[in-house]
Amino acid sequence: MGKKRRIMVKRLTVILLLLLLAFTVLLGRVVYFKYVHGEEYETVAKTQQVNRYDTIISPNRGTIVDRNKYALAVSTTVYNIVLDVRVLVEFEMEEQEKTLNALSQVLELDYQTLKGYTVIDPATNKPVLDTNWKVLKKGVTKEVKEQLESQGLKGVVYEKDTQRSYPTGKTAAQTIGFTRNVRWGIENYYNKYMEGTPGRSFITYDVTGDINALEMDAQDGYTVVTTLDYIIQQYAETAVSEAMEAYNPENAAVMVMDPDTGEVLAMAQGPTFDPNNPADPIYMDNEEFAESWEIKSDDEKYEYLNSVWKNFNIASTFEPGSIFKPVTVAAAIEEGIIDPYSTYYCGGITEVAGTPIQCHLRSGHGTIDVENALAESCNMAMITIAQKMGSSIFYKYQKEFGFGEYTNIDLPGEVSAEYLMYTEDRINATELATMSFGQSFNCTPIQALTAFSALINGGKLMRPYVVSQIVDEAGAIVLENKPELVRKVISQETSDILKEFLVTTIETGTGKKAKIEGYTFAGKTGTAEQGVRGSGEHTVSFIGYLPVDDPEYIVMTVIHKPEVYADGVTTAAPMMKSMMENIIKYKSIEPSKNKDDDTSSSDGKVMVGDYKDASLFNTLYELDSKGLEYEVVGTGNVVTGQVPAAGTEVDKGSKLLIYVKRSETDGEGIKVPDVRGLDYDRAVKSISDAGLFAVITGDEENGVVKSQQPTYGLFVEKGTEVKLNFE
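The text that follows walks through the structure, step by step, so that each part is easy to find. Every chain begins its residue count from 1, and numbering advances along the sequence as written. The model is predicted, so local features are restricted to residues of pLDDT at least 70 and side-chain atom pairs to those at 80 or more, both for listing and for counting; the totals for chains, interfaces and linings are taken over all residues. The side-chain quantities take in all heavy atoms of the structure and omit both hydrogens and water.

Quick notes on the nonpolar core
Working step 1: What we call a nonpolar core is a set of buried Ala, Val, Leu, Ile, Met, Phe, Trp, Tyr and Cys residues that are connected through their side-chain atoms within 4.5 Å. Throughout, exposure labels follow a simple rule: accessible area from a 1.4 Å probe, protein chains only, divided by the maximum for the residue type, with under 20% read as buried, over 50% as exposed, and the rest as partly exposed. The biggest cluster of nonpolar side chains holds 102 residues, and the ones touching the most others in it are Ile 176, Ile 186, Phe 401, Phe 403, Leu 455 and Met 556.
Working step 2: Secondary structure follows DSSP: runs of H or I at least 4 residues long count as helices, runs of E at least 2 residues long count as strands, and numbering of each begins at the N terminus. With eight residues, helix 19 (residues 445-456) is the largest single contributor of residues to this core.
Working step 3: Note on contacts: a residue pair is in contact if any heavy atoms of the two residues lie within 4.5 Å. Once you skip the residues sitting within four places of it in the chain, Ile 176 turns out to touch Ile 64, Leu 72, Ala 73, Tyr 166, Thr 171, Trp 184, Gly 185, Ile 186, Glu 187 and Leu 228.
Working step 4: Core analysis: the second largest hydrophobic core is formed by 34 residues, Val 256, Ala 266, Met 575 and Ile 583 among them.

Here's what the structure looks like:
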C-alpha cells in the first residue's frame, strides 16, 4: 500500500469516527428529549395546535320586536370562511387545486389571488402567505358553509359568527338604533340584555392522543319587546316622508303615545337612515344630494350622519308656541285665578313694559272666552291670564308639567332644555307675556307630548317609555317596565274642562283643516318663530287626541324649520289628519255619536245633550228628567258651557258642571237655593231667607222636599213663588 493510500484511509477513518460520534450525540439528545422532556414538549406542541383552532363563538344578539311581536331587529348565525394556508400546502397539488377552485367558485373570489397565497417562497421554503388564519369571506350563510363543507376541502375552517339586520329598514331607525362600532337607540340603552354570552370552539386531545373538536355553545341575548306598534309606526313614517317632500324642512316628526300610560306607539322623523347601512345616506338617488355628498369633507359627512342618527323627538329643542297655551289655561283654572268661561278682549296688539306684542290675528279677536281663545289661538287672552297668575305661579306649573327637565324616557341622548328656559327670578313682564303663548323658551317634542297628555288624562304626568318587557328564550320576564306616575299636576276637574275645550279647536278653530267627518277629536295647533325674531325660521306643530271622552291615542306632528314658511299654508294639519284617519281605520274606532241623540240607553247610560246658550231652567229640568246630578257655576240664567261635552255617554246619576252667566234681561235677581232633602222648617226658612215665597204640596209633616220649581240655581226676581213637593 502506497503512502498516499494510507493517508487517504486514515482520513476516511477519522471522518467515519466523527460521523459516528455526531450520530451518537444526536441520538442521545433525542433519547433525552423523548424520555426526560418528551411529555413537556408534546404538551407545548399540542397547545400550539389547540391555540390555532381556539375561537370565540359570537352569540346571537337578542331580537327587538314591536308590541305585537313583529321583528324590528334580528341576529342570525353566519360563518366566516378561513383558510389555513400552512395546512393546505402540506397536501398534494391535486387537493390544493380542488380547495382553491371550490373557494373561488362558491365564494366568488379571484382564483389567482387564492393561488398566490400557497406559492412556496424558495428563500424560506414556506408559503408566501405563511399563516394559519386568513379570513376569506365574512358572514356567509349556513347554506354556503354546508356547500363547501360537503366537498371535504383541506385547510378550510368555518368560524361561527352572528350578523345583525333590520328587516323593516328605516322604520323607527332612531328609536331602534343600530350596532356597529357605536351603538344607538334601544340597541344602546338595553345592550346588556341583548349582547348574550360568547361560546368557544377548540381542539383537545384524549388520553390516547386523538384530536377531539369541542364546541361550547354561545348563549343568545334576550328578546326586547317594545311598546311600538309597527302598523302605526308605518303611518307615522309615511306622514313624515310626505311632509319632508312637501316642505323640505330641517326636520319633520310624528309621535303617537297612550296618554294614560306613557307607552310610545310610534316615533318617526326625517331625515332618516337605514340601520342596515347607517353610514350610507338613503338619499343618494337624489342627484342634487349625491353631488353635494361627494364634495363633503370627512368631518362634514360625519356631522351629517350624526344629525340623522340623532333622535329629534328627544334630543332636539324648539320654541313650542301655541301648543303650550292649554298649560297656561290649566294652571290658571287649577289655581282658581280665572273662571273657565271668563272673557277677554283682543285688539290684535298690546304693549307690555314698552314692548309691542301682537296676536297672530292682527285685526284682533274682539271679546273672546277661554274656550275660543284656545280654539282661535289668541295671544292676548293668554297674556292677560298669565299676568293674573304672576311669574311665580306660572313658573311653578311650567316646571310641574315637565318643561326643562328630563322625561327619563328609556332612550339615550335625551336633553332637558333647562339651559334654554328662564329661571323664575329672570321672568320679567315681557318674558311672562311671551312665555304665556309658548315663546321665549325651548322644549323637546317628548316634553311637549308628555305635558299635553297630563292635560287630558286627569292631570297625571307619566314617564314615557319605549320598551315594555325583556324576556329570555323560555319566555320568562327578565325586566318589565310599567306605567310610572311622575307626579299629579292638575285635578281631574281641571283636566275634564281642558279636554272638552280643545274639541272646539278642531271643530271651528285653527285645527279645522284636520277635521274628519263623522268623528270628533280634539287638540291644539302651534306655530312658533325660532331663534332671532325676524329670521323667518318657524316650527309648526299639532297635538291631537281621541276618543275625546277617554283618550287612548295622543298624536304629535311637527314640521321644524321648513325651507319656505307661509302663514296659514305651512301647517302640520295634513299630517295630523292622515294619522288620525289611519288610526281610526286600523283600530276600528266607531263614529262619534250624534250630539242631538240625547235619549237614555237601556244599560243605565245617558247621552248628554248640548245645553250651551239654552236657558238654565230648561237645562236643569232636562237633567232632572234624565236622573243626572249637576252643579251650577256662576250667576245667571244662560248656559255658557258644560262638562262633560255634548254627545258624551255617562252613567245615570253622574254629575255635570253647568256654567252660566246673566243675560241682558236678567236684572239683579236672586238665585234659587237648593232645598231638596230638607224637612219643612229648614226648607221654608231657606226659601224665605232668600226673599222668595214657598208654596207647599205633598206630605209636609212627615216628608222632605223631593222636588222644587223653579229648580235650584235659577236666577229669579224677588218674591217669586217656589213650589216645594214633600214626600
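Thoughts on the side chain of Glu 187
Working step 1: When you line up the elements, Glu 187 lands in helix 8 (residues 185-189).
Working step 2: Of the residues examined, Glu 187 reaches a relative accessible area of 0% and is grouped as buried.
Working step 3: Side-chain atoms alone can form a polar contact between residues adjacent in sequence; in general such a contact is a pair of N or O atoms within 3.5 Å, and within protein one must be able to donate a hydrogen while the other accepts it. A polar contact of 2.9 Å, which involves the side chain of Glu 187, links it to the side chain of Arg 164.
Working step 4: Engagement of the side chain of Glu 187 in a polar contact is seen with the side chain of Tyr 166, the distance being 2.7 Å.
Working step 5: What Glu 187 contacts, discounting residues up to four positions off in sequence, is Arg 61, Ile 64, Ala 73, Arg 164, Tyr 166, Ile 176, Gly 177, Phe 178, Thr 179 and Met 194.

Details of the packing of helix 14 (residues 325-334) against helix 16 (residues 379-389)
Working step 1: Convention adopted: a line fitted to C-alpha atoms gives each axis, helices being fitted over their contacting stretch, and angles between N-to-C directions are expressed from 0 to 180 degrees. Interhelical geometry of helix 14 versus helix 16 gives an angle of 40° and a closest axis separation of 10 Å. In terms of orientation, helix 14 lies oblique with respect to helix 16. Crossing angle aside, the handedness with which helix 14 passes helix 16 is left-handed. Across the interface between the two elements, Lys 325, Thr 328, Val 329, Ala 331 and Ala 332 of helix 14 pack against Asn 379, Met 382, Ile 385 and Met 389 of helix 16.
Working step 2: Each residue is assigned to one of three groups, with Ala, Val, Leu, Ile, Met, Phe, Trp, Tyr, Cys and Pro labelled nonpolar, Asp, Glu, Lys and Arg labelled charged, and all others, Gly among them, labelled polar. Tallied by class, residues from the contact of helix 14 with helix 16 come to six nonpolar, two polar and one charged. Here roughly perpendicular refers to angles of 65 to 115 degrees, roughly parallel to angles under 35, roughly antiparallel to angles over 145, and oblique to all remaining angles. In this scheme the crossing of two helices becomes right-handed for a clockwise turn of the near helix relative to the far one and left-handed for an anticlockwise turn of less than a right angle.

What about the environment of Asn 442?
Working step 1: Along the polypeptide, Asn 442 turns up in the loop between helix 18 (429-436) and helix 19.
Working step 2: Sequence-wise, Asn 442 and Met 421 are 21 residues apart; in three dimensions their C-alpha atoms are separated by 6.4 Å.
Working step 3: If we skip the residues at most four places from it in the chain, Asn 442 touches Thr 317, Phe 318, Glu 319, Ala 417, Leu 420 and Met 421.

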